[in-house]
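Notes for the structure review
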Amino acid sequence: MAKELNEDTSFKVSIKTLAGIAAGIATIVGMWFALQADIEEAKLLPEPPTPEITRMEFDMKDQLVRQTIMTTQEDVKEIKEQLEKLNDKIDRLR
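First things first, this report covers the structure right here in the doc.

1. Things to note about a nonpolar patch on the surface
Taken together, Phe11, Val13, Leu18, Ile21, Ile25, Val29, Trp32, Phe33, Leu35 and Ile39 make up a surface patch of nonpolar side chains, about 1000 Å² in accessible area. Relative to the elements of secondary structure, Leu18 occurs in helix α1 (residues 15-44). With a relative accessible area of 49%, Leu18 lands in the partly exposed category.

Have a look at this one:
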């Protein structure tokens, strides 16, 4: 049957268990204060400088990417043509 809790109810806890609980609580509290101190320190640090990407640099990179895509497209066309020639040769050999 279920036990009823009242003023006369007692339970036993060893000193070892109490020390473990106290150490756990002390560790958590210490970590909390260390974290709060780190947050306050981070608030005082200067902000990192914003990266300065000029419009000219952006346009040059964009142009380079577009040129690379076009070159790749031309290479793919050449490869397709070579593949078709090879397929034709193989068909003629059969």
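After that view of the structure, there is still more to cover.
2. Examining the pattern of salt bridges
Following the criterion strictly, the structure yields four salt bridges and no others. Between Glu57 and Lys61 there is a salt bridge, with the nearest N and O atoms lying 3.5 Å from each other. Of this pair, Glu57 and Lys61 are both found in helix α2 (residues 55-93), four residues apart, which corresponds to roughly one turn of the helix. The salt bridge involving Arg66 is made with Asp62; its shortest N-O contact spans 2.9 Å. Note that Arg66 and Asp62 are positioned in helix α2 at a spacing of four residues, about one turn of the helix.

Parameters and conventions
Residues numbered from 1 in each chain as written. Predicted model: local features only at pLDDT ≥ 70, side-chain atom pairs only at ≥ 80, totals over all residues. Heavy atoms only, no water. Patch = residues over 30% accessible without salt bridge, like charges linked within 9 Å, V, L, I, M, F, W, Y side chains within 5 Å. Areas by Shrake-Rupley, 256 points an atom, 1.4 Å probe, with all protein chains shown as cover. Salt bridge = Lys/Arg side-chain N within 4 Å of Asp/Glu carboxyl O. Helix = DSSP H or I, 4+ residues; strand = E, 2+ residues; numbered from the N terminus. Buried < 20%, exposed > 50% of the residue type's maximum accessible area, 1.4 Å probe, protein only.

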